[in-house]
Amino acid sequence: PEKMLEDISSGILFIGVDGIDLDFGFSITNLAEASLNKQMINSAQVVAVLADSSKFGKRGLGKICDINHVQYLITDTEAPKGMIKAIKEKDIQVIQV
């Protein structure tokens with residue numbers, strides 16, 4: 001599947017993550033899925049990460065990308081205010097619902 005993604009372009013990609021760490025970036029526990037997500041990000045014009053507040057301050061086994069590789073973060077209103085502020089300072093649109 002990853003080889004197919006080299007020749008694909010998508011408008012917007014929505015991905016879920018298992019961890020959001022300001023230093024490590026976005027991550028997931030499944031290494032194969034992390035690799036696939038990296039390829040999908042490279043094929044997308046806009047990337048939106050979906051993560052509830054329980055994912056903040058955690059690291060999954062496989063890194064997907066740095067924080068600044070996405071344009072949107074969609075999360076809930078319980079997300080840590082300090083981390084939200086730091087992410088917004090990287091020019092990422094944060095949508096809290």
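Scroll up for the structure.
Residues numbered from 1 in each chain as written. Predicted model: local features only at pLDDT ≥ 70, side-chain atom pairs only at ≥ 80, totals over all residues. Heavy atoms only, no water.

*Asks:* Could you give an account of the environment of Thr77, naming the residues involved and the relevant values?
*Replies:* Structurally, Thr77 is set in the loop between strand 6 (72–75) and helix 3 (81–88). A sequence separation of 19 residues divides Thr77 from Gln96, and the C-alpha atoms of the two residues are 5.3 Å apart. With residues near it in sequence (within four places) discarded, Thr77 still touches Gln96 and Val97. (Helix = DSSP H or I, 4+ residues; strand = E, 2+ residues; numbered from the N terminus. Contact = heavy atoms within 4.5 Å.)

*Asks:* I'd like to hear about the nonpolar core, residue by residue, with values.
*Replies:* Considering soluble globular proteins, one finds that nonpolar side chains tend to be buried as a cluster. Counting residues in hydrophobic clusters, the biggest one holds 24 residues, and the most contacted among them are Ile20, Phe26, Ile64 and Leu73. Elements that contribute at least two residues to this core include exactly strand 1 (10–16), strand 3 (25–28), helix 2 (31–43), strand 4 (44–50), strand 5 (62–65) and helix 3. Dropping the residues within four chain positions of it, Ile20 is found in contact with Gly25, Phe26, Ala51, Lys55, Phe56, Gly57, Lys58, Ile67, Leu73, Met83 and Ile87. (Core = buried A, V, L, I, M, F, W, Y, C linked by side-chain atoms within 4.5 Å. Buried < 20%, exposed > 50% of the residue type's maximum accessible area, 1.4 Å probe, protein only.)

*Asks:* If you had to explain the packing of aromatic side chains to someone new, which residues and values would you point to?
*Replies:* Applying the stated criterion across every chain yields a total of zero aromatic pairs. Just above the ring of Phe24 sits the side chain of Lys63; from NZ or CZ to the centre is 5.7 Å. (Phe/Tyr/Trp six-rings, centres within 6.5 Å; stacked < 30°, edge-to-face > 60°. Lys NZ or Arg CZ within 6 Å of the ring centre and 35° of its normal.)

*Asks:* For the sheet that holds strand 7 (residues 93–96), give the residues involved together with the corresponding values.
*Replies:* On the basis of which strands lie adjacent, the open sheet formed by four strands has the order 1-4-6-7 and parallel pairing. With one partner strand each, in any of the chains shown, strand 1 and strand 7 form the two edges of the open sheet. When strand polarity is set aside, the average angle formed by the axes of neighbouring strands in this sheet is 20°. Inspection of the sheet shows strand 4 paired to strand 6 by three bridges, in the parallel sense. Within strand 6, the position partnered with Val49 by the bridge is Leu73. The strands touched by helix 2 are strand 1 and strand 4; relative to strand 1, the strand with the most contacts, the crossing angle is about 150°. (Pairing = 2+ DSSP bridges. Axes fitted to C-alpha atoms, helices over the stretch in contact; angles between N-to-C directions.)

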